[in-house]
Structure formats: C-alpha cells, structure tokens
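The chain contents come next:
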Amino acid sequence: MVEPNQRHADAHRMLELAAAAARAEAQAAHQLLDDFVAEMVARGLAPEPLRATLLSGRRVKTPLTGWYLNKAQTVAVAPDGAFYQLVVPGSTLSRFTGVRPEPVQPVLEIGRGGKDGETGALADFLARAIESYSAR
C-alpha cells in the first residue's frame, strides 16, 4: 500500500509537471503571437477597437485594441502580444460602462476540450486572421 506522504509527493510532482508543460506551451504560443503582431505591423494592418461578449450574449466595449482571431470575435491579440479571451462575466451596468478583460496565458490549441464553436491550432487561427485583415 502506498504511504499517504508518498501519494502527496506524487500528486505534488504531477502538479509541478503540468505547470511546467503549461509554461512551455505558453512560451511557444507567445512566440507565435509576437510573430503575428510583427507581421500585422509590417503589413500596415492597424489594430481595431475590441469588444467583449458578456455571458448573457451582449457585446460591450473594452479599452482594448487588437486583432480578432476568430469569426465569433471571442479571441484576440493586442499590439503588445497579449492574448485575450473576450467572453467575460459582467453586470447589466457593463453595457454602459464596458468591461476590462485581463490577458490570459496563451495556448497552442484554441478551444481545447470544447464541444462547439471554433477549435484548432493557434497557428491556423493566426494565419486566417492575417488573410482576413489583409483582404479588408
């Protein structure tokens, strides 16, 4: 039988390994985001004001600018390379005051584990966004 202290140590080690993997993934994703921003700037494609979607479905303003990465406009990148999930909680007052989303740690797979909506590789989303903004 495994000692309780050994189980605790094993669980702690698994958490450490998961955190290290998440950091490595975020670092790789940040490189893709930085390359994306550089490409957008090189093409002269200016960032646009970003709006967020409340959990109620209502769209509200934010103080952010950047480029949307998906058609639903729920994922975006700011000019500084910050990654945003733009589906946020908010109150009724938010439709007048707006919301201030916080950047999140980027991932290499958008919508991982999701059952609906757009899912796929971050690199694919970035390539489609470049095409979409270039065609405007």
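Predicted model only: the values in this text are computed from it and were never measured. Residue positions are given per chain, counting from 1 as you read along its sequence in written order. Confidence filtering applies because this is a predicted model: local features only for residues at pLDDT of at least 70, side-chain atom pairs given and counted only at 80 or more, and all residues used for totals across whole chains, interfaces and linings. No hydrogens and no water enter the side-chain calculation; it runs on all heavy atoms of the structure.

**Q** So what exactly am I meant to see when it comes to helix 3 (residues 122-134) here?
**A** Spacing of three or four residues puts side chains on the same side of an α-helix, whose turn is 3.6 residues. Strands are runs of DSSP state E lasting at least 2 residues, helices are runs of H or I lasting at least 4, and numbering of each runs from the N terminus. To estimate how far a helix should reach, multiply one less than its number of residues by 1.5 Å. Relative to the 18 Å expected for 13 residues at 1.5 Å per residue, helix 3 spans 18 Å between its end C-alpha atoms, a close match to the ideal helical length. Within the span of helix 3, buried status applies to Leu 122, Phe 125, Leu 126, Ala 129, Ile 130 and Tyr 133. Down the axis, helix 3 shows its buried residues gathered within 140° of arc, on one side only. Per-residue accessibility, obtained with a 1.4 Å probe over protein chains only, is compared with the maximum for each type, and a residue is labelled buried under 20%, exposed over 50%, and partly exposed between these values. As used here, the arc is the angular range of directions from the helix axis to the C-beta atoms.

**Q** How should the sheet that holds strand 1 (residues 48-54) be read in this particular structure?
**A** In a beta sheet, neighbouring strands pair by backbone hydrogen bonds and run either parallel or antiparallel. With mixed pairing, 5 strands are arranged side by side in an open sheet as 4-3-2-1-5. Strands at the two margins of the open sheet, each flanked by one partner only, are strand 4 (83-85) and strand 5 (87-88). The rule for pairing is simple: two strands pair if DSSP sees at least two bridges between them. Pairing of strand 3 (residues 75-77) with strand 4, which is carried by 3 bridges, proceeds in the antiparallel orientation. Across the sheet, residue Val 75 finds its bridge partner in strand 4, namely Gln 85. When checking whether two residues touch, look at their non-hydrogen atoms; a contact exists if any pair is within 4.5 Å. The angle between two axes is taken between their N-to-C directions and runs from 0 to 180 degrees, where each axis is a line fitted to C-alpha atoms and a helix contributes only its stretch in contact. Contacting strand 1, strand 2 (59-68), strand 3 and strand 4, helix 3 runs over the sheet at an angle of about 95° to strand 2.

**Q** I would appreciate a short explanation of the environment of Leu 64 in the present structure.
**A** If you trace the backbone, Leu 64 turns up in strand 2. Discounting residues that sit within four places of it in the chain, Leu 64 has contacts with Glu 48, Pro 49, Leu 50, Tyr 84, Leu 86 and Pro 101.

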